[in-house]
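# A look at the structure
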Amino acid sequence: MSEPKAPTPAPGDTYKGWLFKWTNYIKGYQRRWFVLSNGLLSYYRTQSEMGHTCRGTINLATANIAVEDSCNFVISNGGTQTYHLKASSEVERQRWITALELAKAKAFRMQAESDDSGDDSTSPSASQGAGSRNSEVQSTLRTLGSKVEDLSTCNDLIAKHGSALQRSLSELEGIRLGGETSEKIRQVTERATLFRITSNAMINACRDFLALAQAHSKRWQKALQAEREQRVRLEETLEQLAKQHNHLERAFRGATVLPASQSNPAIDSKGSVPGKGDVSDEDEENEFFDACEDVQEFITVPADPKYHRSGSNVSGISSELGMDDGTTSLDEQSLASNPESPQSQEVVPVRKRRTRIPDKPNYSLNLWSIMKNCIGKELSKIPMPVNFNEPLSMLQRLSEDLEYYELLDRGAKCQSSLEQMCYVAAFTVSSYSTTVHRTGKPFNPLLGETFELDRVQESGYRSLCEQVSHHPPAAAHHAISERGWTLRQEIALASKFRGKYLSIMPLGSIHCVFEKSNNHYTWKKVTTTVHNIIVGKLWIDQSGEIDVVNHKTGDRCHLKFAPYSYFSRDVARKVTGVVTDKDGKAHYVLSGTWDEKMECSRVMESSRGGENGADGRQKTVYQTLKAKELWRKTPLPEGAEDMYYFSTLALTLNEPEEGVAPTDSRRRPDQRLMEQGRWEEANAEKQRLEEKQRTVRRERDREANRSTNPAEEGKEPANGAEEVEIASEPSETTYKSGHQDNYKPMWFERQIDPMTGDPTHIYRGGYWEAKEQGNWDSCPDIF
């Protein structure tokens with residue numbers, strides 16, 4: 001579509017044309033149709049929308065117009081509306097600037113005159129009809145027309161008499177002084193008198209015209225302003241009606257795919273990708289209903305009313321579905337993690353933990369300048385300054401998985417393994433809620449670094465993490481609770497920087513064992529992606545699938561983390577799942593988002609049908625009872641945006657404590673300096689620790705070479721080979737094949753996992769006993 005060649009604007013003219021408007025960092029500039037009229041600049045997606053849908057309007061009377069470069073300019077009203085625009089050429093941009101400046105001056109003048117006017121009696125009221133205003137305008141126009149005719153007649157007379165006067169003066173100059181002099185002088189005097197009379201008549205007519213125009217201009221301006229305000233109100237009303245209509249349509253379509261208790265995802269969605277510009281149609285642009293990228297593999301509908309009975313009947317239904325006698329189903333108890341519930345109030349902290357850390361300093365550093373040479377490399381091998389870190393280590397981030405430990409406490413009380421599976425699945429999702437705003441990179445732990453989280457008196461659990469390998473980097477974690485559950489995991493991070501985004505793939509399995517039932521659950525983590533590395537605001541997404549398996553009963557929960565997509569109409573950060581028994585029969589459907597909440601609905605019946613999925617197969621339709629809330633994210637503390645978006649638990653993780661091991665992350669000096677805002681010192685300390693770790697590693701390798709090959713004792717590896725790192729990216733294969741550090745962990749030992757058959761590090765014991773005795777003699781000096 002070629003751009004129309006707009007004429008050079010004149011004052012008061014309506015000016016139209018195509019411009020490119022900035023939408024967001026993902027889509028950049030988008031072509032829009034702009035209309036400048038009556039001091040208002042409006043824009044539409046296409047010309048055809050001018051009759052029904054205005055995407056945004058800005059009043060030029062209070063707007064600022066700034067030129068950025070040859071084709072770009074910015075219009076802002078000093079508030080929420082800011083348009084970043086770009087013309088196709090410098091000439092076209094200058095035409096728009098001229099038109100906008102003229103319209104702004106005119107709008108400002110009209111507004112000032114309207115504000116100065118105190119003639120309220122002549123203002124159009126709500127009772128005035130369009131007909132009376134129209135007749136008044138027509139009468140005034142006729143009067144003005146007659147005045148213009150008088151001015152025209154006076155103009156003709158002035159021209160006629162002026163010519164005669166000029167001729168007389170010319171003749172006067174050409175004659176000789178004599179008897180005719182007095183006659184010529186008399187003629188000049190007469191004609192000059194006629195000219196003066198005509199001029200006075202014209203001046204009076206102009207004065208009348210001006211007085212009449214001044215008397216009516218303010219009334220016209222007020223009438224025009226009232227019409228503008230009414231039009232704006234009508235446009236806003238129309239826009240609201242259009243949105244409500246759109247939401248109703250989506251709710252109508254969603255009535256066949258969502259439980260009746262769930263609200264419209266389009267209304268409840270919180271996910272957004274930040275961009276610059278005003279709040280307008282750019283969010284609506286992201287809805288493409290004709291090209292849904294990925295859809296859930298099942299459909300849930302409200303169950304038949306016969307299932308919604310009293311508590312005794314529901315228990316009967318539970319027995320019919322194969323539940324153990326005497327069990328309490330999810331439909332009989334409140335699963336909402338309400339802070340006012342007795343369950344959450346029974347734990348009273350015995351120690352007052354800190355609620356603030358020093359605010360993050362405003363240090364600016366170009367991430368691209370550092371990472372542009374690291375494309376394709378593994379993240380742990382990139383020397384990063386602390387400017388991109390947060391003052392926590394990876395071991396502390398791993399301990400944050402226990403933030404919603406209450407879910408495992410509740411799961412330990414369940415008598416049904418299927419209900420217990422729902423809590424375990426919600427726990428796996430809750431561990432990602434802390435990452436939604438946390439774009440800072442945690443400190444890579446030093447080999448042998450540990451972190452303890454002792455919350456026995458407050459929450460009934462204690463956990464220990466240790467960095468058991470540096471190549472590939474891997475951390476082992478063991479947590480045990482007095483309320484009947486144990487959690488252990490070994491996580492190695494495989495990461496790749498691809499330019500626009502950074503992918504982090506956790507390797508290793510997570511195990512959760514409940515003491516009372518001996519149910520043993522395992523699962524793995526999904527991929528974390530950090531977007532907008534090069535330009536724009538960083539944002540994080542989680543995507544992939546998780547299978548939570550109960551190895552004792554064969555129960556399984558398949559969770560799907562939907563990747564964010566502009567082409568999907570689903571709620572952002574969506575997670576769905578189905579809990580099935582060993583025979584594949586579905587008992588519960590899970591739904592929610594990984595950054596906000598998870599709900600579960602009991603399945604009453606299931607059948608094949610509905611629309612086909614992405615692979616052509618028919619989706620399963622589940623009839624479910626009303627959804628119950630399993631988990632909801634705790635709001636961030638006040639001022640979290642200045643404290644790295646830390647949660648209440650994260651703020652306490654690096655709090656100094658007495659009696660912890662010398663290798664504890666709390667004692668790490670570079671991390672402590674960064675938390676205190678002394679980043680330059682932290683960078684220097686970080687380099688010292690890394691060099692110390694390399695030296696220790698070289699010595700350890702030499703010791704290993706002496707023990708395996710005594711003939712090589714005393715020889716240095718050629719070409720500094722002791723510093724050569726693994727060139728390939730860590731993968732599941734390299735992770736399972738073994739570690740390359742010749743290092744024996746202090747508190748964990750490498751074993752073959754009896755459940756998965758993979759090599760892993762399992763807690764050997766002794767840490768908490770050493771802490772009670774204060775005996776840390778065997779701990780290495782890593783700091």
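Preceding this paragraph is the structure being described.
From a predicted model like this one, the values you see are computed outputs, not experimental measurements.

### Examining the packing of aromatic side chains
Evaluation of the coordinates by the stated rule reveals 18 aromatic pairs. Ring geometry for Phe514 versus Tyr521: centroids 5.8 Å apart, planes at 90 degrees, classification edge-to-face. Of the residues examined, Phe514 reaches a relative accessible area of 1% and is grouped as buried. Of the aromatic side chains, those joined through ring pairs into one cluster are Trp747, Tyr767, Trp768 and Trp776.

### Let's talk about the sheet that holds strand β5 (residues 64-67)
Across the sheet, which stays open at both edges, the seven strands sit in the order β4-β3-β2-β1-β7-β6-β5 with antiparallel pairing between neighbours. Looking at the sheet topology across the chains shown, the edges are occupied by β4 (56-59) and β5. Between one strand and the next, the sheet's axes are offset by a mean angle of 35 degrees, whatever the strand orientation. With four bridges connecting them, strand β3 (residues 40-44) and β4 associate as antiparallel partners.

### Re the pairing of strand β14 (residues 485-497)
Counted residue by residue, β14 has eleven buried out of 13 residues, so it is predominantly covered. In the sheet, strand β13 (residues 473-481) pairs with β14 via eight bridges, with the strands oriented antiparallel. Across the sheet, Ala474 pairs through a bridge with Ala492, a residue of β14. Counting the residues in the hairpin turn of β13 and β14 gives three residues, including Gly484, whose phi is positive at 100 degrees. As paired strands, β14 and strand β16 (residues 510-514) are joined by five bridges and run antiparallel to one another. Bridge pairing links Arg488 to His511 in β16. Note that β14 and strand β15 (residues 501-507) share six bridges and pair antiparallel. Paired with Leu493 across the strands is Pro506, a residue of β15.

### A closer look at the side chain of Gln693
With respect to the secondary-structure elements, Gln693 resides in helix α14 (residues 679-708). Under the relative-accessibility criterion, Gln693 is labelled buried at 18%.

### Quick notes on the pairing of strand β19 (residues 539-550)
In terms of residue burial, β19 counts as a mostly covered element, since nine of its twelve residues are buried. One ladder, built from two bridges, connects strand β17 (residues 520-523) with β19; its direction is antiparallel. The partner of Tyr521 across the bridge, within β19, is Asn550. Inspection of the sheet shows strand β18 (residues 527-531) paired to β19 by five bridges, in the antiparallel sense. From the neighbouring strand, His531 faces β19, where its bridge partner is Trp539.

### Section: the pattern of salt bridges
As enumerated under the stated definition, the model contains 35 salt bridges in all. The partner of Glu657 in a salt bridge is Arg666, and the shortest N-O contact between them spans 3.7 Å. Pair check on accessibility: Glu657 and Arg666 agree, each one buried. Among the salt bridges present, the one from Arg694 reaches Glu691, with a minimum N-O distance of 3.2 Å. Of this pair, Arg694 and Glu691 both sit in helix α14, three residues apart, which is roughly one turn of that helix.

### Thoughts on helix α10 (residues 417-430)
For α10, with 14 residues, the first-to-last C-alpha span of 20 Å sits near the 20 Å given by 1.5 Å per residue. For α10, the tally of buried residues reaches 14 of 14 residues, placing the bulk of the element in the interior. At the N-terminal boundary of α10, the capping side chain belongs to Ser416, with an oxygen 3.3 Å from the backbone nitrogen of Leu418.

### Some details on the packing of helix α9 (residues 406-413) against α10
Between α9 and α10, whose axes approach to 8 Å, the crossing angle comes to 170 degrees. Judged by the inter-axis angle, α9 sits roughly antiparallel to α10. Each of Leu407, Leu408, Arg410, Gly411 and Ala412 in α9 lies in contact with α10, whose residues at this interface are Gln420, Tyr423, Ala426, Phe427 and Ser430. Considering only residue class, the contact of α9 with α10 consists of six nonpolar, three polar and one charged.

### A closer look at α9
Burial runs high along α9: six of the eight residues are buried. Every buried residue belonging to α9 is among Leu407, Leu408, Asp409, Arg410, Gly411 and Ala412, and all of these are buried.

### Observations regarding the environment of Arg32
With respect to the secondary-structure elements, Arg32 resides in strand β2 (residues 28-37). Separated by ten residues in the primary sequence, Arg32 and Trp22 place their C-alpha atoms 9.8 Å from one another.

Criteria and thresholds
- Residues numbered from 1 in each chain as written.
- Predicted model: local features only at pLDDT ≥ 70, side-chain atom pairs only at ≥ 80, totals over all residues.
- Heavy atoms only, no water.
- Phe/Tyr/Trp six-rings, centres within 6.5 Å; stacked < 30°, edge-to-face > 60°.
- Buried < 20%, exposed > 50% of the residue type's maximum accessible area, 1.4 Å probe, protein only.
- Pairing = 2+ DSSP bridges.
- Helix = DSSP H or I, 4+ residues; strand = E, 2+ residues; numbered from the N terminus.
- Axes fitted to C-alpha atoms, helices over the stretch in contact; angles between N-to-C directions.
- Salt bridge = Lys/Arg side-chain N within 4 Å of Asp/Glu carboxyl O.
- Expected span 1.5 Å × (residues − 1).
- Polar contact = N/O pair within 3.5 Å; in protein donor to acceptor, adjacent residues only side chain to side chain.
- Parallel < 35°, antiparallel > 145°, perpendicular 65-115°, else oblique.
- Contact = heavy atoms within 4.5 Å.
- Nonpolar A, V, L, I, M, F, W, Y, C, P; charged D, E, K, R; others polar.

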